[in-house]
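Residue-level structural notes
Next come the chains, spelled out residue by residue.
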Amino acid sequence: MATVSTTSASFGVSLKPCFKNNQVTGGASTLKMVTAGWTKNVFPSLRTSRFIVCCAAKPETVQKVCEIVKKQLALSDEIELTPESKFAALGADSLDTVEIVMGLEEEFGISVEEESSQNITTVQEAADLIEKLVHKKA
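Counting starts from 1 at the beginning of each chain's written sequence and moves along it residue by residue. Selection of residues for local features in this predicted model requires a pLDDT of at least 70, selection of side-chain atom pairs for listing and counting requires 80 or more, and totals for whole chains, interfaces and linings are taken over all residues. In computing side-chain values, all of the structure's heavy atoms are included and hydrogens and water are not.

Let us now look at the overall build of the protein. Counting from the N terminus, the helices are the DSSP runs of H or I reaching at least four residues and the strands are the DSSP runs of E reaching at least two. When helices and strands are tallied, the protein shows four helices and four strands. Its helices and strands in sequence order give the protein the pattern β-β-β-β-α-α-α-α, from N to C terminus. For the protein, the proportion of its 138 residues judged to be buried stands at 27%. Calculation of accessible area relied on Shrake-Rupley with a 1.4 Å probe; when residues are assessed, cover is drawn exclusively from the protein chains displayed. Surface summary for the protein: the accessible area is close to 9,500 Å², and the carbon and sulfur share equals 55%. Any residue under 20% of the maximum accessible area for its type is buried, any over 50% is exposed, and the rest in between are partly exposed; the area is computed with a 1.4 Å probe on protein chains only.

This is how it looks when you write it as structure tokens:
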């Protein structure tokens, strides 16, 4: 069963900080998005400043990506991978990256478009893309 919860707050007359907290839960995964910004009602031509933080990948997905990257790059167990680990910093060239993507496709039963695979540079980016594709497939 999926649940959705939303919170928002606004203050002031001419300059309003706006905070929104949206959470969508379905099954074992949770997607949390936090939006914060300021709106100005005095001058309609002024734009709203905002930033969005979104975390989608489950820890299990990140861990599995780390295992596949270690296997494809023949890294020792002593090397610790984090979500921020960059493939290039680990010694991966473009062919290695293609092999990593192929391993991810096989493990998760997904198909990654060539355009998307070229944008994957870190473990977190790979995990986020996997979560997106698995969710789309379901």
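Moving on: the nonpolar core. One finds Val-65, Val-69, Phe-87 and Leu-104 to be the most contacted residues of the largest nonpolar core, which totals 23 residues. Of all the secondary-structure elements, those providing two or more residues to this core are helix H1 (59-72), helix H2 (94-108) and helix H4 (123-137). Here this core gets six residues from one element, more than from any other, and that element is H4. Each residue touching Val-69, except ones within four places of it in the same chain, is listed here: Leu-81, Phe-87, Leu-90 and Ile-100. Throughout this description, the term nonpolar core refers to a set of buried Ala, Val, Leu, Ile, Met, Phe, Trp, Tyr and Cys residues connected via side-chain atoms within 4.5 Å. By definition in these notes, contact holds between two residues if any of their heavy atoms fall within 4.5 Å.

No statement about biological role is implied by the geometric values presented.
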